[in-house]
Structures are given as structure tokens and as C-alpha cells.
Amino acid sequence: MAEAHDHDHDFESTQSGASETFPQQCSALRKNGFVVLKGKACKIVDMSTSKTGKHGHAKVHLVGLDIFTGKKYEDICPSTHNMQVPNVSRIEYEVLDLSEDGFFSLMTDDGATRDDLKLGENCTPNTPDAVRDLLKSSEAAGERVVATVWKALGEEVVKELKAGKAN
């Protein structure tokens, strides 16, 4: 008979219950897909397969760019082994403003605001002046500016801003 204390388990949970990564066989990865290289969420920009000797495994050479910083990472793995693939989500927010220190003021669909995401060099546009010009021209045209935020491995970054019709 099991003791009662044998069943006391502490489970850590993520917010949505979804894992941050999932395994995928190396040979099933594709260019422009995502993969975790050196602990970073990367977009695959190049991959090549090399055949080895008569008893070896084919190896896959992966080249990826960090989706948050643009830094290049490389890895080689046997084609039959699993690599971790990050769950990358894209969320759109309305841009209200850009602070003097480069932080966005964003509004969610339910009207809540968040001010914790900073303008980065991988955002399009990526300068404070260009963002403020887009906000001004959109407001003058009666449009709103929408920020596309990418989230993976617990990190979030504003990747793109675009003007769109106001709801």
C-alpha cells in the first residue's frame, strides 16, 4: 500500500499549459522553419545533409538566425536524432505610443495596456524617429498602428509595425 506522502507532487505549469518546445526529427526540419540552436529560438536560413561512411549516420548541418537578436548560430546533428523546435506565437497589439526611453505603449484586444517591450534593432521600422513618423502619419490618415509581437522560450519582441484601418 502506497503511503499518502508518496502522492504529494509539485508540478510547475506554464501559463497556457503548452510546452515551450517540442521534439522533431532533424531530417524533418525545413528551411524557414524554427529550431532551438545553442538554447536560442532560431529561424533556419540554411541546412545541408552530408552522407557519412558505411556505418555512420547522415548528418544535418543547420544554420539559423536568432529570432530576437538576428545573431547567427550553427549546429550539426545526426538526421535521425531529435532537435527541439520552439513554439513561436505571434500576437498583435495596437501601438499607442513610444516612450522617450524606447518602450512601446501597447493595447491588448481587451483594452489593457502593457509598457514592457522595447524597440529593438530587429523591428521594422527600427528607429524611434521612424516609429514616431509612422504613428503621426497613421493618426493623420485615421489609421492605427499594429505591432506584431513574437514570443518564444519565454522571450517577447516587437518584430514589425504596420498601419491598418481603425476598428
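Rules behind the numbers
- Residues numbered from 1 in each chain as written.
- Predicted model: local features only at pLDDT ≥ 70, side-chain atom pairs only at ≥ 80, totals over all residues.
- Heavy atoms only, no water.
- Disulfide = S-S within 2.5 Å.
- Helix = DSSP H or I, 4+ residues; strand = E, 2+ residues; numbered from the N terminus.
- Buried < 20%, exposed > 50% of the residue type's maximum accessible area, 1.4 Å probe, protein only.
- Pairing = 2+ DSSP bridges.
- Axes fitted to C-alpha atoms, helices over the stretch in contact; angles between N-to-C directions.

What's the story with the state of the cysteines in this structure? I'm lost.
A covalent bond bridging the sulfur atoms of two cysteines is what the word disulfide describes. The final tally for this structure, using the stated rule, is 1 disulfide. Note that Cys 26 is cross-linked by a disulfide to Cys 77, the S-S spacing being 2.1 Å. Here the residue Cys 26 occupies a position in the loop between β1 (21-25) and β2 (34-37), and Cys 77 occupies one in strand β5 (residues 72-78), the gap between them amounting to 51 residues. Classification of Cys 26 by relative accessible area gives buried; the value is 0%. The buried category is assigned to Cys 77, whose relative accessible area is 6%.

Explain the sheet that holds β2 here, please?
Backbone hydrogen bonds are what pair the strands of a sheet, in a parallel or an antiparallel way. Strand order in the open sheet formed by 4 strands is β2-β3-β4-β5, with antiparallel pairing between adjacent strands. What marks the edges here is a single partner per strand, and that holds for β2 and β5. This sheet shows a mean twist of 45 degrees between the axes of neighbouring strands, independent of strand direction. The sheet contact formed by strand β3 (residues 40-50) and strand β4 (residues 59-66) spans 8 bridges and is antiparallel. What sits directly across from Ser 50, in β4, is Lys 59.

Got a minute to help me understand the pairing of β5 in this structure?
Remember that side chains alternate between the two faces of the sheet whenever the strand is regular. In terms of strand pairing, β4 meets β5 through 7 bridges, oriented antiparallel. Directly across from His 61, in β5, lies its bridge partner Ile 76. What sits between the antiparallel neighbours β4 and β5 is a turn of 5 residues, in which Gly 70 has the positive phi angle 85 degrees.

As far as function goes, none of this settles anything; it's purely spatial.
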